Amino acid sequence: MSGSPRSILRGIGSYVPERKVDNQELSEKVDTSDEWIRTRTGIKERRFAAKNENTSDLALEASRRALDDAGVSPEKIDLVVVATITPDMAFPSTACLLQHKLGIPKVACFDLEAACSGFLYALDVADGMLSSGRYECALVVGAEKLSSIMDWEDRTTCVLFGDGAGAAVLTKEGEGAEMIGFQCGADGSNPSLLHQPAGGSMQPASQETVDSRGHFLKMNGREIFKSAVRVMERAAIELLEKHGFDKNEVDHVIPHQANARIVESLSQRLEIPLDRFYCNLHKFGNTSAASIPLALDEAYKSETFKKGDLGLLVAFGAGLTWSATLVRF
Ligand code: UT7
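A short tour of the structure in this document, coming up. A quick note: this is a predicted structure, and the numbers were derived from the prediction, not measured. Every residue gets a number counted from 1 within its own chain, in the order that chain's sequence is written. Given that the model is predicted, a residue must reach a pLDDT of at least 70 before its local features are reported, and side-chain atom pairs must reach 80 or more before they are shown or counted; all residues, however, enter totals for whole chains, interfaces and linings. With hydrogens and water set aside, each side-chain value is computed from the structure's full complement of heavy atoms.

Only heavy atoms are used to decide nearness, and a residue is near a molecule or strand if one of them lies within 4 Å of it. Surveying the vicinity of the ligand reveals 23 residues, the closest of which are Thr32, Arg222, His256, Asn259 and Asn286. Between N or O atoms, a polar contact is any pair within 3.5 Å; within protein, one atom must be a potential hydrogen donor and the other a potential acceptor, and residues adjacent in sequence are included only when both atoms are from side chains. Here Thr32 contributes a side-chain N or O atom positioned 2.7 Å from a nitrogen atom of the ligand. Contact distances for the ligand include 2.9 Å between an oxygen atom and a side-chain N or O atom of Arg261. Computed with a 1.4 Å probe, the accessible areas rest on the Shrake-Rupley method; for each residue, only the protein chains presented here act as cover. For the ligand, the protein covers 76% of the area, taking 950 Å² as the surface of the free molecule. Only runs of H or I of at least four residues qualify as helices and only runs of E of at least two qualify as strands under DSSP, and these elements are numbered from the N terminus. Of all the secondary structure elements, the ones that give two or more residues to the shell around the ligand are α2 (34–41), α6 (155–158), α8 (221–242) and α9 (260–270). We call Asp, Glu, Lys and Arg charged. Ala, Val, Leu, Ile, Met, Phe, Trp, Tyr, Cys and Pro are nonpolar, and the rest, Gly among them, are polar. In terms of residue class, the shell around the ligand is built from 11 nonpolar, seven polar and five charged.

What follows is the structure in structure tokens.
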């Protein structure tokens, strides 16, 4: 198969901040209701990081757990990739900050930005770098502090997101789940569907960008919903076909955790029963790049996962970006 041999998922870990915020608490602050949020999204609560708890801190805890799970010490890591849209700061990268906090040697570290598809993009990139023979052991992280870019005056977005992190250790060989294949894509023709308009070179920070709330996340939810189902379905089908699998062979689907109705639509369109989809968005909301590893960590460690099962991970996000990954557990 193209690009083989593939890497091994040696260990996985995740972390969410302590503070739980349920829909009821949100409805005391914003013109919304538990009923609206639950029925439109499936979300019941989410976690918010403390003021002094940054994306790199969430990434640190998730990484420690993944390293522990893999039985790999930080000195063995020779590549760190962090997928995030909420880095601690514009630069240096959160990956560099994480490297220092973990005591990882002076190896290659960089951030990757593909929004909610970021973790799967990062797995693809790390897998390719390991396959090149120049790297041995990668730490791949999806981490977000989305509460830092949420607009509390926009009820159409602020009820959807949460903070968290997930991490995976990939090695060239050894015991673990086998990464089978990847499919990443993007369509940059309509960036304003989901974006944070200010703070970059196009609209540098100014009084005006602050006044216009340009530093917060903005989204056309309805359009994103429609695109999400379409692009995830296509990415999943193309990846399965590329690797000669029938959709009936998929034992578990770990979808991006954005909206229970998106997951249901995807299940119908792919004709894969809903009970094979893993969902934890009711507990954490949409955590963007952290969403897949947070769900994967929970699912992988649950009793429903057996050795040899085939897993399909599938995501979409701002860009638009999308990505699918096949894993043999
Ligand atoms: O990771 C990728 C990121 N994004 C997503 O995955 C989001 C994809 N989109 C969605 O999940 C859904 O489109 C939303 C959950 C964002 C919105 O659900 P919807 O069923 O598409 O609702 P809508 O935008 O069509 O709004 C329906 C109504 C509107 O009122 P009117 O115009 O019908 O009177 C909104 O003003 O719901 C109202 N509304 C709310 N009401 C109470 C919007 N947000 C809220 C709210 N509480 N928080």
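Having seen the structure, we can now continue with the description.
Glancing now at the side chain of Asp297. Mapped onto the secondary structure, Asp297 falls in helix α11 (residues 291–300). At a separation of 2.6 Å, a polar atom in the side chain of Asp297 contacts the side chain of Lys301. Those residues in contact with Asp297, other than ones at most four positions away along the chain, are Ile12, Gly13 and Ser14. By definition in these notes, contact holds between two residues if any of their heavy atoms fall within 4.5 Å.

Buried residues of nine kinds, namely Ala, Val, Leu, Ile, Met, Phe, Trp, Tyr and Cys, make up a nonpolar core once their side-chain atoms join them within 4.5 Å. Residue burial is assigned from relative accessible area. The probe radius is 1.4 Å, only protein chains are included, and a residue is buried under 20% of its type maximum, exposed over 50%, and partly exposed in between. Core analysis: the largest hydrophobic core is formed by 47 residues, its most contacted members being Val250, Val253, Ile262, Phe277, Leu312, Phe316 and Leu326. For this core, the secondary structure elements donating two or more residues are α8, α9, β12 (310–317) and β13 (321–328). No other element matches the nine residues that α8 contributes to this core. The start and end points of each domain follow an automatic or database-based domain assignment. Each of domain 1 (7–176) and domain 2 (180–328) accounts for three or more of the residues forming this core. Look past the residues within four positions of Leu312 in its chain and what remains in contact with it is Ala236, Leu239, Val250, His252, Val253, Ile254, Ala324, Thr325 and Leu326.

Every α-helix winds through 3.6 residues per turn, so residues three or four apart in the chain are directed the same way. Helix length check: helix α5 (residues 118–131), at 14 residues, gives a terminal C-alpha distance of 20 Å against a target of 20 Å (1.5 Å per residue), a fit within 8%. Along α5, 10 of the 14 residues are buried, which leaves the element largely enclosed by surrounding structure. All of the buried residues in α5 are Gly118, Phe119, Leu120, Tyr121, Ala122, Leu123, Ala126, Asp127, Met129 and Leu130. Each residue after the first adds 1.5 Å to the expected span of a helix.

A word on the sheet that holds strand β8 (residues 177–186). The strand order β5-β4-β6-β7-β1-β8-β13-β12-β11 describes an open sheet built from nine strands, whose pairing is mixed. Of all strands in the sheet, those with a lone pairing partner are β5 (108–112) and β11 (252–255), marking the two edges. Strand after strand, the sheet turns through a mean of 20 degrees between neighbouring axes, direction not considered. Two strands are said to pair when DSSP picks up at least two bridges between them. Inspection of the sheet shows strand β4 (residues 79–83) paired to strand β6 (residues 137–145) by five bridges, in the parallel sense. Residue pairing for β6: Val80 is matched across the bridge by Leu139. Against the sheet, helix α3 (residues 55–70) contacts β1 (8–15), β6 and β7 (163–171), and its axis sits at roughly 135 degrees relative to β1. Lines are fitted to the C-alpha atoms to define the axes, a helix being fitted only along its stretch in contact, and any angle between axes, read from their N-to-C directions, falls within 0 to 180 degrees. On top of the sheet, helix α4 (residues 94–102) reaches β4, β5 and β6; it is set at about 135 degrees to β5, its chief contact.

Moving on, we get to the packing of α3 against α4. In the contact formed by α3 and α4, the axes pass within 9 Å of each other and the chain directions differ by 55 degrees. As the angle between them shows, α3 and α4 are arranged oblique. α3 and α4 meet at a crossing whose hand is right-handed. Across the interface between the two elements, Thr55, Ser56, Asp57, Ala59, Leu60, Ser63, Arg64 and Leu67 of α3 pack against Thr94, Leu97, Leu98, Lys101 and Leu102 of α4. Looking at the contact of α3 with α4 residue by residue, the class counts come to six nonpolar, four polar and three charged. We call two directions roughly parallel when the angle between them is under 35 degrees, roughly antiparallel when it is over 145, roughly perpendicular when it lies between 65 and 115, and oblique otherwise. Crossing handedness follows the turn of the near helix against the far one: under a right angle anticlockwise gives a left-handed crossing, and clockwise gives a right-handed one.

Quick look at the environment of Ser63 now. Looking at the element boundaries, Ser63 is found in helix α3. Each C-alpha atom, one on Ser63 and one on Thr84, is 14 Å from the other, the two residues being 21 residues apart in sequence. Beyond its immediate sequence surroundings of up to four residues, Ser63 is in contact with Leu98, Leu102, Leu139, Val141 and Ala167.

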